[in-house]
Amino acid sequence: MLDQPDPSALAASQRVLDELVPGLRIAGALVSGDRNTFAVADPATAQPIAAVVDGTPDDALDAVAVAYESGRAWAATSTRHRSDVLHRAYAIMIEQREALALLITREMGKPLAEARGEVTYAADYVRWYAEEALRPSGTSRPGPEGDVRLLTSRAPVGTCLLITPWNFPMAMATRKIAPALAAGCSVILKPADLTPLTSLLVADIFQQAGVPDGLINVITTTDAAALSRAVMADPRVRKVSFTGSTPVGRTLLAQASPNVLKTSMELGGNAPFLVFDDADLDRAVEGAMVAKLRNGGQSCTAANRFLVQEGIADAFVEAFSERMSRVVVGNGLAAGVELGPVIDERALDKCRRLVADAVARGARVVTGGHALESEGWFFEPTVVVDAPDSAEIAHTEVFGPVASISRFSTQGEAIDRANDTPFGLSAYVFTRDLDRAFTVAERLETGMVGLNQGLVSNVAAPFGGTKHSGLGREGGAEGLEEYQDVRYFALNRRETA
Ligand code: NAD
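Residue positions within a chain follow its written sequence, with the count starting from 1. Under the rules for a predicted model, residues below a pLDDT of 70 receive no local features and side-chain atom pairs below 80 are neither given nor counted, while totals for whole chains, interfaces and linings still include all residues. Computation of side-chain values covers all heavy atoms of the structure but excludes hydrogens and water.

A. Spatial organisation of the pattern of salt bridges. Criterion for a salt bridge: a side-chain nitrogen of Lys or Arg within 4 Å of a carboxyl oxygen of Asp or Glu. On inspection of all chains with the given rule, the structure shows 22 salt bridges. For Asp59, the salt bridge is made with Arg35, and the minimal N-O distance between the two is 2.6 Å. Here Asp59 is found in helix α2 (residues 57-75), whereas its partner Arg35 is found in the loop between β2 (29-31) and β3 (37-42), with 24 residues between them in sequence. Across the salt bridge formed by Asp42 and Arg106, the nearest N and O atoms sit 3.2 Å from each other. Taken together, the positions of Asp42 in strand β3 and Arg106 in helix α4 (residues 97-108) put the pair 64 residues apart, joining distant regions of the chain. Three labels apply to residues, based on accessible area from a 1.4 Å probe with only protein chains included: buried if under 20% of the type maximum, exposed if over 50%, partly exposed otherwise in between. Residue Asp42 is classed as buried on the basis of its relative accessible area, which comes to 3%. Salt bridges sharing partners connect three or more residues here, namely Arg175, Lys176 and Glu474. Comment: elements are numbered from the N terminus, with helices defined as DSSP H or I runs of at least four residues and strands as E runs of at least two.

If you want it as structure tokens, here you go:
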């Protein structure tokens, strides 16, 4: 039984949609009028909720021209000024939290409570970089021979292309825009065509906060490949920051090479979730619920392979499956809903296919396993146990509410299996033994490890992966450096009499 939307939440979200003219945003103005558009669907109903202008490479090049010019003026502003503008944007985002959350839920599907959480998290990147903008980062050191003084400082990299995915429509945008602006850069944002609406409202908020026209441009399009090719070939663009799948990341890395662009790549994950015999069972189950079901399992850090030690495996499977079976599924606008739809029909088919393939190869479904009868794209919270290595689910990023659990016997086996993937974004380790926690965490080949907790995202932390999960970091002090070039000045120094 699916929970239906609350009429008042539905009406409020419609008001937000009606007020937002879904055009492109170039030089601070909305471009709409007589243009080709594409539909944005609500995944809870599969019905279109808005039509957005389908931007072209020429639109994107117009944006590059204005971004380049306004970026030069912005780079010359004081860090105090940039910080003040970002602080104002943060305050407006918090003020407009409900409107932003309603929009996120309508276009992406996550429950309203989670969407509100995303707004807080996304706005926090803006506040964090309002603060980081002011941190001095230059150094001064003597050269080894003593005759030079070496001074370093950081300069904005210039005009940046930012490409974001659909799963966190607001947070993935602010995690890039805020450090770019703090560093003194200008941006062209290309949001996912499945969820372009939140980005348009975010750009509007930055403008209300005093960001000059042309500094943030948003190009919505169904032809991301043509747009990125045109923009990255323009010599005025110096950086591409991408969050999305590894295959697209590879294409962009190749495209970045002719102009030697600075790149940040936040790519796919395949997170192992390790539970050792000595783990606190309640904490492990609680962590598993967050690591698996946050964002409906559609997060790059989602626990993808549960590896549980033999002594605790039965108890973990029982407790986790029981909790999964009680999850309230429905339209994200309904009160009390914990799990919304997956993003589209393709994602729903993938969940169906992965479960059917695992079962055909000998796995057992403990709870869930089916798509729900609905016009929208809902899949039951599902636990599958003992899928063999040959099953597709054992090595594919699920990106849905399906958990696959298998057993291990020794610590060494757990580490080897956890690392047996080309991906290296995040991992989770549950144990009460501090020595084990650090030994295992240090041997895992991932950029991030959650120790006794199922969440690694934090604005103050360097978020990012190793291996095929990407290059560079977002958040923390490191996130600002992604938008800066190091400059060094050699100062000749002689003793005076
Ligand atoms: P995707 O790669 O299909 O799309 C991401 C973005 O790239 C979208 O805006 C899309 O329009 C654009 N795009 C697609 N083809 C392009 C091309 N040829 N040139 C330029 N842009 C192009 O990924 P998705 O389905 O939107 O997102 C899911 C993937 O993102 C998962 O693999 C997930 O793990 C990953 N992800 C990673 C992180 C991270 O921080 N590491 C965060 C969220 C999602």
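B. Region of interest: the pairing of strand β15 (residues 382-385). Judged by which residues are buried, β15 turns out to be covered on both faces: Thr382 and Val384 on one side and Val383 and Val385 on the other are all buried. For two strands to be treated as a pair, DSSP must find at least two bridges joining them. Here strand β14 (residues 364-367) runs beside β15; their pairing, made up of three bridges, is antiparallel. The residue bridging Arg364 from the neighbouring strand is Val385, located in β15. Bridge count between β15 and strand β16 (residues 402-408): four bridges; the pairing is parallel. Opposite Val384, over in β16, you have Ser404 as the bridge partner.

C. Broad picture of the nonpolar core. One finds Met93, Ile177, Leu181, Leu197 and Phe206 to be the most contacted residues of the largest nonpolar core, which totals 66 residues. Here, residues are in contact when the closest pair of their heavy atoms is within 4.5 Å. Ignoring anything within four residues of it in the chain, the contact list for Phe206 reads Leu86, Ala89, Met93, Val126, Ile177, Leu181, Val211 and Ile216. By convention a nonpolar core is built from buried Ala, Val, Leu, Ile, Met, Phe, Trp, Tyr and Cys residues, the set being connected through side-chain atoms within 4.5 Å.

D. View of the site of the ligand. Summary of the distance rule: residues count as near a molecule or strand when at least one heavy atom falls within 4 Å of that molecule or strand. Taken together, 28 residues lie around the ligand, and Thr164, Lys190, Ser245, Leu267 and Glu397 are the ones closest in. Distance and chemistry together define a polar contact, namely a pair of N or O atoms within 3.5 Å, with one atom able to donate a hydrogen and the other to accept it when in protein, and with adjacent residues in sequence counting only for side-chain atoms on both sides. Between the ligand and Glu266 there is a distance of 3.5 Å, counted from an oxygen atom to a side-chain nitrogen or oxygen. In this analysis, the protein atoms alone were mapped onto a 1 Å grid. Cavities are point sets where a 1.4 Å probe fits without being able to get out; pockets are open sets with protein on both sides within 12 Å along at least five of seven lines; lining residues have an atom within 4 Å of a point. A pocket or cavity is taken to hold a molecule when more than half of that molecule's atoms are within 2 Å of the pocket's grid points. Under a 2 Å grid-point criterion requiring more than half of the atoms, the pocket assigned to the ligand is the largest pocket. Mapped onto the shell around the ligand, the elements with two or more residues apiece are α6 (171-183), α8 (224-233), β10 (237-243) and α9 (246-256).

E. Quick peek at the domain arrangement of the protein chain. Where a domain begins and ends is set by an automatic assignment or by a domain database. When the domains of the protein chain are assigned, the result is domain 1 (7-267 + 470-485) and domain 2 (271-458). A C-alpha centroid distance of 30 Å is found between domain 1 and domain 2. Facing the 30 residues of domain 1 at the interface are 28 residues of domain 2. Taken as a group, Pro43, Ala44 and Trp166 account for 22% of the area that domain 1 buries against domain 2, more than any other trio of residues on that side. Seen at the junction of domain 1 and domain 2, the total is zero salt bridges. On inspection of domain 1 and its partner domain 2, the count reaches six residue pairs in polar contact (both at pLDDT 80 or more). Elements represented by at least two residues in the side of domain 1 that touches domain 2 include exactly α1 (7-19), β3, α4 and α5 (112-132). Among the residues making up the side of domain 1 that touches domain 2, the classes are represented as 16 nonpolar, seven polar and seven charged. Computed with a 1.4 Å rolling probe, the buried area is the accessible surface lost when two parts are put together, summed over both parts. Under the grouping applied here, Gly and all other residues not named as nonpolar or charged are polar, the nonpolar ones being Ala, Val, Leu, Ile, Met, Phe, Trp, Tyr, Cys and Pro and the charged ones Asp, Glu, Lys and Arg.

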